[in-house]
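Working through the structure, step by step
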Amino acid sequence: MHKAAPAHDQGDEDLEVRQPDDHAAGVPAVLVSLRDSVRQMGVGRTVSSLRRLNQHDGFDCPGCAWPDPAPGHRSPAEFCENGAKAVAEEATRRTVGADFLARHPLSDLAGRSDHWLGQQGRLTTPAVRRPGSDRYEAVGWDEAYDVVAAELAALADPDEAIFYTSGRTSNEAAFAYQLLARAFGTNNLPDCSNMCHESSGAALNETIGVGKGTVLLDDVEDTDLIIIVGQNPGTNHPRMLTSLEKAKEGGARIVAVNPLPEAGLRRFKNPQRPSGVVGPGTDLADRLLQIRVNGDLALFQALGARLLAADEAAGGATAAEPVLDHDFIATHTDGFEDYAAHLAALDPDEVAAATGLTPGEIDGLVDEVVAADRIIVCWAMGLTQHRNSVATIREVVNFLLLRGNIGRQGAGACPVRGHSNVQGDRTMGIWEKMPDAFLDRLAEEFSFSPPRHHGHDTVASIRAMAAGEARAFVGMGGNIVAAGPDTEATAAALAGCRLTVQVSTKLNRSHTVPGEVGVILPCKGRTDLDVQAGGLQQVSVEDSMGEVHASRGHLEPPAPDLPSEVEVISQVARRLVADRAAVDWEGLQADYGRIRDHIGHVVPGFEDYDARVGDGFTLPNPARDSRTFRTETGRARFTVNDLTWVAVPEGHLLLQTLRSHDQYNTTIYGLDDRYRGIHQGRRVVFVHPADLSDLGRADGDVVDVVSVWDDGERRAPAFRLVAYPVARGTAAAYFPEANVLVPLESTAEVSGTPTSKSLVVRFEPT
Ligand SMILES: Nc1nc2c(c(=O)[nH]1)N[C@H]1C(S)=C(S)[C@@H](COP(=O)(O)OP(=O)(O)OC[C@H]3O[C@@H](n4cnc5c(=O)[nH]c(N)nc54)[C@H](O)[C@@H]3O)O[C@H]1N2
Ligand SMILES: Nc1nc2c(c(=O)[nH]1)N[C@H]1C(S)=C(S)[C@@H](COP(=O)(O)OP(=O)(O)OC[C@H]3O[C@@H](n4cnc5c(=O)[nH]c(N)nc54)[C@H](O)[C@@H]3O)O[C@H]1N2
Ligand SMILES: [Mo]
């Protein structure tokens, strides 16, 4: 057997840096998606999958959560390059079975790159790593379920178990999974959302009474101004570019706020239109504010202060054309006076230091805002993964409230979600602190007493495992070791458990660090045909805009006996919690319609769910629908937030971690990041040329990246510096390679999200 190379070395000897692109999609996108699909699936599966992707009778794309157009308005090819890659990755014909696991001991797997692990194919056999063994061993399904149930039952306290979820899990599986955890006796239901849009949910819940966005697709496509902050849709939500193109055609302006000049925000060549294939495409962003990383709180305060000043100059509430929506503010909000008083004292020098923007750049955006009757702010991870993220998003809400841009056609807040069903999972009760009203209904529906004390979120779960307080980890999808902060600490936390269970489609880093007893339970994915005792099953999901719709897989699964997620949950539940709650677990597995019936009784907005799911429906959203704000005061809330930003000591930069064009979170499709000009490698750090020379470095240097935090330093060895037009004083590197630099203890205030977009780093010789 060959010696395993260290995980991080693979592929980078061929690294090539070229000019970044100035536009997204176009013909290369089509070619790449077809090439990847055929390579993984073969021609037949490719044609049949892509034809059903995001169609009314087909399956929901396992990529991002951007909504689909209404059924009559879909294109025959309602998918993007990265959606096709996500499908190819799941529907691949390659498999990982008993032989593979026998041939590859843990030490071998641990030395492999994330890319290599994922490329081995779909997991097809349940497997157990027994205490002291150096590898996983294939076992039968009953044995695997028995081990899981027996180990969980042997815990001293249900709170010693962690039930993690990634965001691909369907509503049906998510509901069953939280029921299993709560029947077992714990609210330890952390999920990827804790590392993702938790900050958005926290800020929105508090200020407008709903933890979700307030726009629908129609709003985005017919508005006057879209401000896209901390989001890279060209890579992560490519179908959003089609909506942005429609908005532009309707006369909307687009402003991007980003430390990077992302290609997808500049120009879009829609491969589904002749003009996008041969023509120059559509210019998207009219303006780019190249903000310093973590400067957004200051920017939104500066916008607020300028709007307040402009309103006063125009004559305030009685002016012919007031700048603020005084009626809305008086009727629907509170806290305005305190907010206005606070911003009156805003220091322009602090704003300049925090944002790195000139007053002229901010004034330019204010002009756009004043000229726009309807405004939408879209955001993603660039806003949510900082220490002050919740405060920053509160300021986005303040900004929207000033001109009544919530609960009105063509206007609103648009946190663009990541995983295709991350929003639905939360709606279904995947949350460590679901409100009592939900638990009350759950108790009544299933005649049991769910635990009431809050559970651990993701970071708290890792800490609890590290401290030996949690001893069993069950992952319903996902890859917590590579996705979580401080990779080494997270890996050690898992390896220190008595039991780890990974319900997964594919091999990943988390499988390489099992607990004393480690179990792999492979399962079906979104594309697979799912037949149960009650016949052919469908599942359902909720997209980023609260639209719920069905998804039906159609492909032959990679192994005939591969269970669905619902089946895995039901099998474990029957062994573990059969007598703890009045649940017919076998019946739920036989017919998912019965799970939907329960959901209809427990989750508001899902009445008559099974009957309505076929056509799909939009969940109620009181803030959006009727300007009803279910906050503490019944009004939308202006908030006062201290102006904070991360100051960086001499010789250091503020590093953010982001996604390349060739990955889905920790799943690495390939080693290119075409739009940013990176080919055949991922261990790069993007730095402004002037900062490189200030630091005495040059493009092409290979350095160790050292992150600095209260609790000490962390090191990521051997990264190549790339001169790139990022905002001055900042840098960028890829997630998950840079996760070793994210301190476990550094989390956002209120939301607890790791601060993976605000790392203070310096470079050292390697
Ligand atoms: N193909 C593909 N699609 C995906 C994913 C994927 O990995 N691959 N992941 C999915 C998931 S789970 C999610 S959450 C989303 C993620 O979607 P994004 O949030 O778009 O993902 P990131 O790559 O983290 O990009 C963050 C963007 O924010 C910018 N940014 C960083 N720091 C700051 C800052 O301080 N201020 C501002 N204004 N901007 C900043 C970065 O330059 C970058 O453009 O995508 C989803 N869709
Ligand atoms: N430094 C840094 N860290 C980050 C981020 C960042 O921007 N920077 N982003 C954070 C964000 S936004 C997120 S959402 C998290 C993502 O965290 P996770 O959701 O935990 O990670 P993923 O990489 O999406 O999980 C991929 C794995 O899920 C499994 N899988 C895929 N499809 C299915 C399925 O249908 N069913 C089951 N059971 N399993 C499946 C496969 O085994 C695959 O290997 O990472 C976070 N971590
Ligand atoms: Mo995410």
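Residues numbered from 1 in each chain as written. Chains lettered and ligands numbered in written order. Predicted model: local features only at pLDDT ≥ 70, side-chain atom pairs only at ≥ 80, totals over all residues. Heavy atoms only, no water.

Turning our eyes to something else, we now look at the UniProt feature "domain: Molybdopterin dinucleotide-binding" (unreviewed entry) in the chain. According to UniProt, the feature "domain: Molybdopterin dinucleotide-binding" (unreviewed entry) maps to residues 653-758 in the numbering used here. A helix fraction of 6% and a strand fraction of 39% characterise residues 653-758, whose end C-alpha atoms lie 10 Å from each other. (UniProt positions renumbered as here; feature names shortened; annotations may be inferred. Helix = DSSP H or I, 4+ residues; strand = E, 2+ residues; numbered from the N terminus.)

With that settled, the discussion passes to the site of ligand 1. Near ligand 1 lie 32 residues; those nearest to it are Asn258, Glu262, Asp296, Gln663 and Asn665. At 2.8 Å, a backbone N or O of Asn236 approaches a nitrogen atom of ligand 1. Contacts to ligand 1 include Arg659, whose side-chain N or O atom sits 2.8 Å from an oxygen atom. In the complex, 99% of the free accessible area of ligand 1, which totals 920 Å², lies under the protein chains. For the shell around ligand 1, the residue count by class is 12 nonpolar, 16 polar and four charged. (Near = heavy atom within 4 Å. Polar contact = N/O pair within 3.5 Å; in protein donor to acceptor, adjacent residues only side chain to side chain. Areas by Shrake-Rupley, 256 points an atom, 1.4 Å probe, with all protein chains shown as cover. Nonpolar A, V, L, I, M, F, W, Y, C, P; charged D, E, K, R; others polar.)

Per-chain confidence: the chain averages 94 in pLDDT, with 98% of residues scoring 70 or above. Note on residues 1-6: pLDDT is under 50 here. Beyond four places in sequence and across chains, it has nine contacts. (pLDDT = per-residue confidence, 0-100. Contact = heavy atoms within 4.5 Å.)

Our next topic: the packing of aromatic side chains. Aromatic rings in a pair are described by how distant their centres are and how their planes are angled relative to each other. Using the criterion set out here, one finds 15 aromatic pairs in the structure. Relative to Tyr177, the ring of Phe163 lies with its centre 5.9 Å away and its plane at 75°, an arrangement referred to as edge-to-face. In this pair, Phe163 sits in strand 7 (residues 161-165) while Tyr177 sits in helix 7 (residues 171-184), placing the two residues 14 residues apart along the sequence. Tyr177 matches Phe163 in its accessibility class, with the two residues each being buried. Note on Tyr609 and Phe617: the rings are 5.9 Å apart at their centroids and 90° apart in plane angle, and the pair reads as edge-to-face. Note on Tyr609: relative accessible area 1%, which makes it buried. (Phe/Tyr/Trp six-rings, centres within 6.5 Å; stacked < 30°, edge-to-face > 60°. Buried < 20%, exposed > 50% of the residue type's maximum accessible area, 1.4 Å probe, protein only.)

Counting buried positions over the five residues of strand 8 (residues 225-229) gives five, a clear majority of the element. Every second residue of strand 8 is oriented toward a common face, with Leu225, Ile227 and Val229 on one face and Ile226 and Ile228 on the other, all of them buried. Note that strand 8 and strand 9 (residues 253-257) share five bridges and pair parallel. Each residue of the ladder has a partner; that of Ile226, found in strand 9, is Ile254. As paired elements, strand 8 and strand 14 (residues 375-379) share five bridges and run parallel to each other. Bridged to Ile228 within strand 14 is Cys378. (Pairing = 2+ DSSP bridges.)

Right, let's get into the domain arrangement of the chain. Entries for the chain in the domain assignment read domain 1 (94-186 + 428-620) and domain 2 (197-416 + 653-766). For domain 1 and domain 2, the distance between their C-alpha centres works out to 33 Å. Taken together, the contact pairs 22 residues of domain 1 with 28 residues of domain 2. Carbon and sulfur atoms make up 54% of the area that domain 1 and domain 2 hide from each other, which totals about 2000 Å². Here domain 1 and domain 2 share three salt bridges between them. Across the pair Lys212 and Glu542 runs a salt bridge whose closest N-O atoms are separated by 2.8 Å. Taken together, the links from domain 1 to domain 2 amount to 13 residue pairs in polar contact (both at pLDDT 80 or more). Broken down by secondary-structure element, the contributors of at least two residues to the side of domain 1 that touches domain 2 are helix 5 (114-119), helix 23 (458-466) and helix 24 (480-483). (Domains from an automatic or database assignment. Buried area = accessible area lost by both parts, 1.4 Å probe. Salt bridge = Lys/Arg side-chain N within 4 Å of Asp/Glu carboxyl O.)

With that settled, consider a negative patch on the surface. A grouping of Asp591, Asp597, Glu607 and Asp608 is seen on the molecular surface, where their side chains present a negatively charged patch. Relative to the helices and strands, Asp608 resides in the loop between helix 28 (592-602) and helix 29 (609-612). (Patch = residues over 30% accessible without salt bridge, like charges linked within 9 Å, V, L, I, M, F, W, Y side chains within 5 Å. Lys, Arg positive; Asp, Glu negative; His and termini not counted. Charge placed at Lys NZ, Arg CZ, Asp CG, Glu CD.)

Now for the sheet that holds strand 6 (residues 137-138). Taken in spatial order, the six strands line up as 6-5-18-17-16-7 in an open sheet, and their pairing is mixed. Each edge of the open sheet carries a strand with a single partner, namely strand 6 and strand 7. Here strand 17 (residues 499-504) pairs with strand 18 (residues 517-522) via six bridges, running parallel. By the bridge assignment, Ser504 is partnered in strand 18 with Pro522.

Around ligand 2 sit 31 residues, and of these Tyr164, Ser166, Ala483, Glu565 and Thr666 come closest. Residue Thr666 places a side-chain N or O atom 2.5 Å away from an oxygen atom belonging to ligand 2. Contact distances for ligand 2 include 2.7 Å between a nitrogen atom and a side-chain N or O atom of Asn739. Relative to its free-state accessible area of 930 Å², ligand 2 is covered by the protein chains to the extent of 96%. For the shell around ligand 2, the per-class residue count stands at 10 nonpolar, 16 polar and five charged. Taken domain by domain, the makeup of the shell around ligand 2 includes at least three residues from each of domain 1 (94-186 + 428-620) and domain 2 (197-416 + 653-766).

Here we take up the environment of Arg635. Relative to the helices and strands, Arg635 is located in the loop between helix 30 (622-626) and strand 24 (636-637). Expressed as a C-alpha distance, the spacing of Arg635 and Gly209, which sit 426 residues apart in the sequence, is 8.4 Å. Setting aside anything within four residues of it in sequence, one finds Arg635 in contact with Thr207, Ile329, Ala330, Thr331, His332, Thr333, Asp334 and Phe629.

Throughout the structure, instances matching the rule amount to 56 salt bridges. A salt bridge links Arg624 to Asp625; the nearest nitrogen and oxygen atoms lie 2.8 Å apart. By relative accessible area, Arg624 is classed as buried at 11%. A salt bridge links Glu764 to Arg762, with the nearest nitrogen and oxygen atoms 2.9 Å apart.

Pairing is parallel in the open sheet, where five strands are placed in the order 12-9-8-14-15. For this open sheet the edge positions go to strand 12 (287-289) and strand 15 (412-415), each flanked by a neighbour on one side alone. Direction aside, neighbouring strands of the sheet carry axes that sit 20° apart on average. Of the strands in this sheet, strand 8, strand 9 and strand 14 touch helix 11 (residues 239-249), which is tilted by about 150° from strand 8. (Axes fitted to C-alpha atoms, helices over the stretch in contact; angles between N-to-C directions.)

In this model, helix 18 (residues 359-371) (13 residues) spans 18 Å end to end at C-alpha, consistent with the 18 Å of a helix rising 1.5 Å per residue. Among all positions of helix 18, only Ile362, Gly364, Leu365, Val366, Glu368 and Val369 are buried. (Expected span 1.5 Å × (residues − 1).)

What follows is about the side chain of Gln178. Residue placement: Gln178 occurs in helix 7. Given the relative accessible area of 0%, Gln178 is considered buried. Polar contacts involving the side chain of Gln178 include one to the main-chain carbonyl oxygen of Phe175, which spans 3.0 Å. Those residues in contact with Gln178, other than ones at most four positions away along the chain, are Leu189, Met428, Gly429, Ile430, Phe438 and Leu442.

All right, on to the nonpolar core then. Counting 68 residues, the largest nonpolar core has Leu152, Phe163, Phe175, Val519, Leu521, Trp585 and Phe606 as its most contacted members. Looking at which element gives the most residues to this core, the answer is helix 7, with 10 residues. In this structure Phe163 touches Leu152, Tyr177, Ala181, Phe184, Thr186, Asn188, Leu189, Pro190 and Val474, once residues within four positions along its chain are discounted. Within the second largest apolar cluster, 55 residues are counted, among which are Ile208, Leu297, Leu324 and Val366. (Core = buried A, V, L, I, M, F, W, Y, C linked by side-chain atoms within 4.5 Å.)

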